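# Observations on the three-dimensional arrangement
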Amino acid sequence: MDIQRISAFSHGTIGGNPAGVVLCDALPSTEIMQSCAAEVGYSETVFAMPEDDAWRARYFSPESEVPFCGHATIALGAALAQAHGDGNYKLTLNEANISVRGATQGDLYSAALVSPPTHSKALSGVEIAATLALLGYSADQLDDRLPPAFIHGGADHYLITLKDRKDLSALEYDLDEGRAFMNERGLVTIMLVYSEADQTFHSRNAFASGGVFEDPATGAATAAFSGYLRDIGWPHQGRIQITQGEDMGLPSDITATFSDEIGSSVTVSGTARNME
């Protein structure tokens, strides 16, 4: 099996979130894909095969299949551009139909995905308290302008926003407890955000559900977060920039653009680089 290793949302020629990409004529069995993803060891590996006028794509973390993964989709866009030329590629996922555009850019690639629809809702007081207890934060560390929420943009996430960048850097939790917490609620990640400015954010994404402490770049959560900002009337001006992975030593740059139409798709874009 030919496994490409591509870092998505890279900061130029460094950083980004590594993903495995497998382009094949027919998808292997679920068991083989899961085993391969565990062996690769990245937070996600995407498998894709041509189907009609699209590519059928499935995403696997080391421990489970996920319905949608943004950084692996960006990596897939780079791989498709490399194999089949610059262009826009339709993708058929387990629960949605989306697209990704890939293009060569010197030694790098640029890629942009159009996410599934988004939605969000406020978290209950019980869920806020449980999430804060897991992560070791207190209510007075939260940014009240961006209340805790359940957010969705192809996958489910909880959102916690912090008013101090140092608190974001201090993220710590027990991986086993986090895995049980997220699996019980069907969450892919818990997204933690610090707002530097109205359109500039720093984030970390706890990913215990996939057997990984955190992701250095998370496109699906970025799409969901963008939809949340729109839902609460945040002054987003149609575009936000997220820096992620700094605290891991893997700086990652994620751009999201979106309209004011509630629930509509979000375009998430960035740079990708081959790792081998």
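Higher on the page you've got the structure.
Residues numbered from 1 in each chain as written. Predicted model: local features only at pLDDT ≥ 70, side-chain atom pairs only at ≥ 80, totals over all residues. Heavy atoms only, no water.

For Thr189, the position within the fold is in strand E12 (residues 189-197). In this structure the side chain of Thr189 is engaged in a polar contact, spanning 2.8 Å, whose partner is the side chain of Asn205. If sequence neighbours within four positions are ignored, Thr189 has contacts with Asp156, His157, Tyr158, Met182, Asn205, Ala206, Phe207, Thr218 and Ala221. (Helix = DSSP H or I, 4+ residues; strand = E, 2+ residues; numbered from the N terminus. Polar contact = N/O pair within 3.5 Å; in protein donor to acceptor, adjacent residues only side chain to side chain. Contact = heavy atoms within 4.5 Å.)

Once that is clear, we can look at the nonpolar core. Counting 58 residues, the largest nonpolar core has Tyr59, Phe201 and Phe225 as the members making the most contacts within it. Excluding residues within four positions of it along the chain, Tyr59 makes contact with Thr45, Val46, Ser64, Glu65, Val66, Pro67, Phe68, Cys69, Ala72, Thr73, Leu91 and Leu93. The next biggest cluster of nonpolar side chains, apart from the first, holds 21 residues, and it includes Leu132, Leu134, Leu187 and Ile190. (Core = buried A, V, L, I, M, F, W, Y, C linked by side-chain atoms within 4.5 Å. Buried < 20%, exposed > 50% of the residue type's maximum accessible area, 1.4 Å probe, protein only.)

Before going further, it helps to spend a moment on the packing of aromatic side chains. Within this structure, the stated rule accounts for seven aromatic pairs. Both rings, one in Tyr158 and one in Phe181, keep their centres 6.3 Å apart while their planes meet at 80 degrees; by these two values the pair is edge-to-face. With a gap of 23 residues between them, Tyr158 in strand E11 (residues 156-162) and Phe181 in helix H5 (residues 175-185) connect regions that are remote in the sequence. For the pair formed by Tyr158 and Phe181, the shared burial category is buried. Lying over the aromatic face of Phe181, Arg185 brings its terminal NZ or CZ to 3.7 Å of the ring centre. (Phe/Tyr/Trp six-rings, centres within 6.5 Å; stacked < 30°, edge-to-face > 60°. Lys NZ or Arg CZ within 6 Å of the ring centre and 35° of its normal.)

Glancing now at helix H2 (residues 70-84). Helix length check: H2, at 15 residues, gives a terminal C-alpha distance of 21 Å against a target of 21 Å (1.5 Å per residue), a fit within 8%. Counting buried positions along H2 yields 12 of 15 residues, so the element is predominantly enclosed. The set of residues buried in H2 consists of Gly70, His71, Ala72, Thr73, Ile74, Ala75, Leu76, Gly77, Ala78, Ala79, Leu80 and Ala81. A positive backbone phi angle near 100 degrees is found at Gly85, which sits one or two residues after H2. (Expected span 1.5 Å × (residues − 1).)

Shape is all these values report; function is a separate question.
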